[in-house]
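The lines below spell out each chain.
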Amino acid sequence: MTLLACTICRLPVLELDGQFENLEPYYITPGDPAAALAGECHSVCLEGSPHGPTWFRWRRDGYTSGRSYVIAAERDGWTVLRHQRLRELLAFHELGTSVGAERRAGQKKAAPWKEGVLLEVDEQFNLALDDDDVIAEIKAGLRDAGRFPIGRLLDALGIADKMRWSEVLSPAVFVHDHALEEDWMAGAVSMRARYSKYLPPVVAEVWRAL
Ligand SMILES: [Zn+2]
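These remarks concern the structure in this document. (Residues numbered from 1 in each chain as written. Predicted model: local features only at pLDDT ≥ 70, side-chain atom pairs only at ≥ 80, totals over all residues.)

### A few points about the nonpolar core
Line of reasoning, step 1. Counting 53 residues, the largest nonpolar core has Cys41, Val80, Leu89, Ala91, Phe174, Leu199 and Val203 as its most contacted members.
Line of reasoning, step 2. Tallying contributions element by element places strand E11 (residues 188-199) first for this core, with six residues.
Line of reasoning, step 3. Ignoring any residue separated from it by four or fewer positions in sequence, one finds valine 80 in contact with Ala72, Ala73, Leu89, Ala91, Val202, Val203 and Val206. (Core = buried A, V, L, I, M, F, W, Y, C linked by C-beta atoms within 7 Å. Buried ≥ 20, exposed ≤ 12 C-beta atoms within 10 Å, placed from the backbone. Helix = DSSP H or I, 4+ residues; strand = E, 2+ residues; numbered from the N terminus. Contact = placed C-beta atoms within 7 Å.)

Next up, the structure:
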């Protein structure tokens, strides 16, 4: 499967945690013009969309009407929901964007940044593109150097300016995992992605108390 196009700017969406939104169609009020955004979009595109506040209300109301989440904090435009049983939070910004985080013993490192925290993400990343040259370049980088800068892929996809808090991503890398190399195919590569995700101050406060 290749990358989905952003429902707002039509450029590809790279699924980096904290940088894109998955707008589920089941929240939609039928007939509302904001419904056209259902699908995946860049977080920065949603922030600039007149329909962002509608998706904020739809998603916040959807999550708070169930029994799993309670509101833990509301400040700076953020509504932060804490899971009732699990050490997980979900935060929605009034402009439409979201960020989620969990806390597991000894799993994630956090570093203070801009009064919030940076959480380390280390996840398996499967990438398929129509552009064989880009995939081949990533494979060569992984084999030769063990890693490939995620920023170089963002440039190749033309979406470097679709990242928020983009300086956070400058050290971001794809990392070679020999076990995953068995899954490599023409036009597709599996690897690990290591990068940081930013939690703004009010979200970080709830995260620290999880
Ligand atoms: Zn976009």
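### Some details on helix H6 (residues 201-208)
Given 3.6 residues per helical turn, the α-helix brings residues three or four places apart onto the same face.
Line of reasoning, step 1. All buried positions along H6 are accounted for by Val202, Val203, Ala204, Val206 and Trp207.
Line of reasoning, step 2. In this structure, the buried residues of H6 make contact with strand E3 (69-75), strand E4 (78-83), strand E5 (88-93), strand E6 (98-102), strand E8 (116-128) and E11.

### Some details on the sheet that holds strand E7 (residues 110-113)
Sheet strands pair via backbone hydrogen bonds, and the direction of the pair is either parallel or antiparallel.
Line of reasoning, step 1. Read across the open sheet, the five strands follow the order E7-E8-E11-E10-E9; overall the sheet is antiparallel. Both outer strands of the open sheet, E7 and strand E9 (147-149), are each paired with one neighbouring strand and no more. Geometrically, the sheet is characterised by an average inter-axis angle of 35° between neighbouring strands, direction not taken into account.
Line of reasoning, step 2. Here strand E10 (residues 173-175) pairs with E11 via three bridges, running antiparallel. Bridge pairing in E11 links valine 175 to arginine 192.
Line of reasoning, step 3. The strands touched by helix H3 (residues 132-145) within the sheet are E9, E10 and E11, with E9 carrying the most contacts at an inclination of about 130°.
Line of reasoning, step 4. Across the sheet, helix H4 (residues 150-157) touches E9, E10 and E11, and the angle it forms with E9 is around 50°. (Pairing = 2+ DSSP bridges. Axes fitted to C-alpha atoms, helices over the stretch in contact; angles between N-to-C directions.)

Honestly, it's all geometry; don't read function into it.
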